[in-house]
There are 2 protein chains.
Amino acid sequence: MAPPLVLTIQSHMTHGRSGNRSAVLPIEVNGIDCDPINTVNFSTHTAYPHIRGTKMTPQELEDILEGLRMNNILKMYTHLLTGYIGDPHIIKVIANLRKELGNGVHYLCDPVLGDSGELYVDPECKQLFKEVLVPIADTITPNQYEAEWLTDMKLNTPQDLLEIVKKLHELGPKNVAISSIEWKHRFVFFSFENGKIQLPVETKSYDRSFDGPGDVFAALLLSNMIKYPEDYEKVAKNTVNGTFCVIKNTFELGFRELAIPQSVEELIHPPELFQPITIEQFLKTNVNE
Amino acid sequence: MAPPLVLTIQSHMTHGRSGNRSAVLPIEVNGIDCDPINTVNFSTHTAYPHIRGTKMTPQELEDILEGLRMNNILKMYTHLLTGYIGDPHIIKVIANLRKELGNGVHYLCDPVLGDSGELYVDPECKQLFKEVLVPIADTITPNQYEAEWLTDMKLNTPQDLLEIVKKLHELGPKNVAISSIEWKHRFVFFSFENGKIQLPVETKSYDRSFDGPGDVFAALLLSNMIKYPEDYEKVAKNTVNGTFCVIKNTFELGFRELAIPQSVEELIHPPELFQPITIEQFLKTNVNE
């Protein structure tokens, strides 16, 4: 069998940890080769006051893909990973690419639309994520707000969550991971194999914001699915605990940016800080108390 | 003291392991944060038959630096790393940047000019490396051919090597590491602190070529100098053995590209395969027998 090779199409910045700068290291330290296409080339991510740099045009993306195609590299990819995409034309290029790669390639789409109630992308991109990319993805990793936007449903209770996840599977993806649910009891929720295996994991949070942990989460989920095929409990545990350790180390070091290089050991062998509970326990949790 | 932060200005390609794609992971797995500026954005490195993508213009590089300057990030850098630069204007931008960063920032310049007797860069770039970049670098990592081109001397014997290294120190750099010398006995040679500490290490080679190990070597040398300040023997050993393990794993796996993600453990904790010998032993070695 060919070794795994991930094509990851995300943003790049010189300083800061989001997009490919959050995703590549977690994948590669897990021993998995990863080819990054950088959709933007910025000095910093956009949470800084001043941004300089360039965005890739759809033609430039097509050119990079053509270079890979001509060298017979496109057919080597086993996994495709995408995150934030701010340009509807780029979304269409990626949809065509996914078709060209074929269904043998596992596509993890992180439908980055926004956070904390604020939409990052324009309405056309939101619609294209919902109607074009999510339906052709094998796995999606929305946060709670993205899950609500994709389903036009509200997520207030564990029961709501099960309904939303069901609806998300119906859109297409076999695997759905809700990367964070900010009830008083904070949860991450995994639903694999069209809901046959569902693993809620209660976790902690810190009283500050971080840029890029969603991109770490998606990259780690993909890495762990590659490393531990069908061992969904291990996948869920390692993804939650690895991501949490990055956040914890960042908080404890007082870093502005995610302490990813300082967390290499935990990204490979995360400690078992949080464990999945059963759906019965989850439904009984008073999540807002 | 501020944590180390490396600014690495090198090429980027989606598939293949040279430039920043060889350098970033070895630095980051050693727990050191690293900010990459990508001087080219190609589909693959140039050893593939078809190349697509774009090169950064000097103005685009200035813009990225301006974004970093405006956000007060330029002053956070403790180390600067550069590799292949094919554009004389970009060399001049980097020379100005080095001046702006100040002498408190350690500059490791890998003077990538060519290999196996073949020059990769045009004569103007060669001259600018020799007259502009090498003199303002703290550390340089030429291969044997680059060492010859920079000094206009020939490297046939251990005695020649000592003379060449002396001349290279006279050009400016306090530390000189000759990354590979392809005598029958293959050597890597370290000369720290203007030659006060000199460590020759005999190593092995494989009967095939590899793209990008020089970029791994330079990145690992910088990482080890950060991790083990003034413990030059450890720096030399870890750099040689870490780089060798990447090559060994690539060879044994039969990969076209350097097996860097598959060598994470050895990049952090390399086994002691090769050890430095003394200068006396080195001078007595019949290197061509």
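Residues numbered from 1 in each chain as written. Chains lettered and ligands numbered in written order. Predicted model: local features only at pLDDT ≥ 70, side-chain atom pairs only at ≥ 80, totals over all residues. Heavy atoms only, no water.

### Observations concerning the environment of G242(B)
Residue and element names in this part refer to chain B. Among the structural elements, G242 can be located in helix α8 (residues 232-253). Sequence separation between G242 and L267 is 25 residues, and the spatial gap between their C-alpha atoms is 4.9 Å. Other than its neighbours up to four places away in sequence, G242 contacts L220, E266, L267 and P270. (Helix = DSSP H or I, 4+ residues; strand = E, 2+ residues; numbered from the N terminus. Contact = heavy atoms within 4.5 Å.)

### Here's the deal with the side chain of E146(A)
Residues and elements named next belong to chain A. In this fold, E146 is placed in helix α5 (residues 144-151). Among buried charged residues, E146 stands out as having no salt bridge; its nearest opposite-charge side chain is K126, 11 Å away. Polar side-chain contacts of E146 include one of 3.0 Å to the backbone nitrogen of L113. A polar atom in the side chain of E146 sits 2.8 Å from the backbone nitrogen of N143. Leaving out residues up to four positions away in the same chain, E146 has contacts with D110, P111, V112, L113, G114 and T141. (Buried < 20%, exposed > 50% of the residue type's maximum accessible area, 1.4 Å probe, protein only. Lys, Arg positive; Asp, Glu negative; His and termini not counted. Salt bridge = Lys/Arg side-chain N within 4 Å of Asp/Glu carboxyl O. Polar contact = N/O pair within 3.5 Å; in protein donor to acceptor, adjacent residues only side chain to side chain.)

### A short note on helix α1 (residues 20-28) of chain A
Three or four residues apart is the spacing at which side chains of an α-helix point the same way, because the helix has 3.6 residues per turn. The buried fraction of α1(A) amounts to nine of the nine residues, a majority that puts the element mostly inside the structure. Of the residues making up α1(A), those classed as buried are N20(A), R21(A), S22(A), A23(A), V24(A), L25(A), P26(A), I27(A) and E28(A).

### Looking at the confidence of the model for chain A
Taken over all residues, the pLDDT of chain A has a mean of 96, while the share at 70 or more is 100%. Interface scoring of the predicted complex returns ipTM 0.96; its pTM is 0.97. (pLDDT = per-residue confidence, 0-100.)

### Re the relation of the copies chain A and chain B
Both copies of the chain are related by a screw-like operation: a rotation about an axis and a shift along it. With an RMSD of 0.0 Å, chain A superimposes on chain B once it is rotated by 180 degrees and translated 0.0 Å along the axis. Both chain copies can therefore be described as sitting about a two-fold axis. Most of the interface of chain A is mirrored in chain B, where 100% of its interface residues are also at the interface. (Least-squares fit on C-alpha atoms with pLDDT ≥ 70 in both.)

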